[in-house]
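As a plain string of letters, each chain reads:
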Amino acid sequence: GENVVSAHNPRNCEKYAATLALRYRIITEIMPKLGIEIHPLFFDEMRTDPETFVSNLATALGLSLSPDIVRKVVSETSPEHMKKIQDSGAVGHYKGLAKSGTNSRKIRKASLHGYMNELPPAALQTCVAAAKFHLPEALVKRFELDV
């Protein structure tokens, strides 16, 4: 689907922010009330502390991984590793990572606030305003939109 980074149309920002807010509410409020256990995954946690992220994910899935396996998972799935594969042209079973592949745009820099540099200033302002309007306070803080 569309995301804020690829969508310069202000209506797309509104739609994306509203959809994210709805999904967040479903995951954090509605499903737990129904007895459905959810383990939300956040990109910022994955990028700032990938080993803890992988360990926590494994635990949530009922898996026990050794520290060596956790490090290997982090190394093999890192955006830096994927970028090396993409740059080498030897994408093999990672066909979507080819420079013309469907997932090629997802690699970029994988920075937490990359969209701030990728969106034109007017689009960024519109998207941040839409996010502040639609998202719950917890996500506004998590995405550092309240500054």
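No experiment lies behind these values; they were computed from the predicted model shown. (Residues numbered from 1 in each chain as written. Predicted model: local features only at pLDDT ≥ 70, side-chain atom pairs only at ≥ 80, totals over all residues. Heavy atoms only, no water.)

Details of the overall build of the protein chain
Quick reminder of the rule: In this description a helix means any DSSP run of H or I spanning at least four residues, a strand means any run of E spanning at least two, and both kinds are numbered starting from the N terminus. The rule is simple: take the accessible area with a 1.4 Å probe, protein chains only, and divide by the maximum for that residue type; under 20% is buried, over 50% is exposed, in between is partly exposed. Working rule for contacts: check all heavy atoms of both residues, and any pair within 4.5 Å makes them a contact. Where accessible areas are quoted, they stem from the Shrake-Rupley method and a 1.4 Å probe; at the residue level, only the protein chains shown are allowed to cover.
If you tally the helices and strands in the protein chain, you get nine helices and zero strands. Buried residues in the protein chain amount to 25% of all 147 residues. Of all intrachain contacts in the protein chain linking residues separated by at least 6 positions in sequence, the fraction that spans at least 24 positions is 46%. In the form shown here, the protein chain has an accessible surface area of approximately 10,100 Å², with 58% of it arising from carbon and sulfur atoms.

Focus on the environment of Leu 57
Looking at the secondary structure, you find Leu 57 in helix α3 (residues 50-60). Sequence separation of Leu 57 and His 39 is 18 residues, and the distance between their C-alpha atoms is 7.9 Å. Here Leu 57 is in contact with His 39 and Leu 41, once residues within four sequence places are set aside.

Things to note about the confidence of the model for the protein chain
Here is the rule: A residue's pLDDT is the predictor's confidence in that residue, given on a scale from 0 to 100.
For the protein chain, the average pLDDT comes to 82, and 78% of its residues sit at 70 or higher. Across residues 1-7, confidence stays below pLDDT 50; counting only partners more than four residues off in sequence or on other chains, it has 16 contacts.

Some remarks on the packing of α3 against helix α4 (residues 67-77)
When two helices pack together, you describe them by how their axes are tilted relative to each other and by the distance separating the axes. The criterion, for reference: Think of each axis as a best-fit line through the C-alpha atoms, taken over the contacting stretch in the case of a helix, with angles from 0 to 180 degrees between the N-to-C directions. We call two directions roughly parallel when the angle between them is under 35 degrees, roughly antiparallel when it is over 145, roughly perpendicular when it lies between 65 and 115, and oblique otherwise. Take the far helix as your reference; a near helix turned counterclockwise from it by less than a right angle gives a left-handed crossing, and one turned clockwise gives a right-handed crossing. When residues are sorted by character, Ala, Val, Leu, Ile, Met, Phe, Trp, Tyr, Cys and Pro go into the nonpolar class, Asp, Glu, Lys and Arg into the charged class, and all the rest, Gly among them, into the polar class.
Direction vectors running N to C along α3 and α4 enclose 115 degrees, while the axes themselves pass 9 Å from each other. Of the possible angle classes, the one that applies to α3 and α4 is roughly perpendicular. Two packed elements cross with a definite hand, and for α3 against α4 that hand is right-handed. Between α3 and α4, the residues in contact are Pro 50, Glu 51, Val 54 and Ser 55 and Val 70, Arg 71, Val 73 and Val 74, respectively. Its residues assigned to classes, the contact of α3 with α4 comprises five nonpolar, one polar and two charged.

Let's talk about the pattern of salt bridges
The line we're drawing: We define a salt bridge as a side-chain nitrogen of Lys or Arg found within 4 Å of a carboxyl oxygen belonging to Asp or Glu.
Applying the stated criterion across every chain, the model contains six salt bridges. In this structure, the salt-bridge partner of Arg 142 is Glu 45, at a minimum N-O distance of 2.7 Å. Of the two residues, Arg 142 is situated in helix α9 (residues 137-142) and Glu 45 in helix α2 (residues 43-48); the sequence distance between them amounts to 97 residues. Judged by its relative accessible area of 35%, Glu 45 is partly exposed. Ionic contacts of the salt-bridge type, sharing partners, join the residues Asp 44, Glu 45 and Arg 142 into one network.

What about the state of the cysteines?
What counts, and what does not: Note on terminology: disulfide denotes any pair of cysteine sulfur atoms within 2.5 Å.
By the definition in use, this model includes one disulfide. Each disulfide pairs two cysteine sulfurs, and for Cys 13 the partner residue is Cys 127, the sulfurs being separated by 1.7 Å. Here the residue Cys 13 occupies a position in helix α1 (residues 10-33), and Cys 127 occupies one in helix α8 (residues 121-134), the gap between them amounting to 114 residues.

Overview of the packing of aromatic side chains
For clarity, the cut-off: Centre distance within 6.5 Å is the pairing criterion for rings of Phe, Tyr and Trp, where only the six-membered ring of Trp is used; planes under 30 degrees apart are then read as stacked, over 60 as edge-to-face, and the remainder as tilted. Geometrically, a charge over a ring is one whose NZ (Lys) or CZ (Arg) sits within 6 Å of the ring centre while staying within 35 degrees of the ring normal.
By the definition in use, this model includes zero aromatic pairs. Above the ring of Phe 42, the side-chain terminus of Arg 142 is found at 3.7 Å from the ring centroid.

Quick look at helix α5 (residues 79-88)
Note the cut-off: Taken from the helix axis, the directions to the C-beta atoms give the arc we talk about.
Residues of α5 that are buried include every one of Pro 79, Met 82, Ile 85 and Gln 86, and no others. Down the axis of α5, the smallest arc covering the buried residues is 120 degrees, so these residues share one side. Opposite its buried face, α5 presents the exposed residues Lys 84 and Ser 88, each directed more than 90 degrees away.

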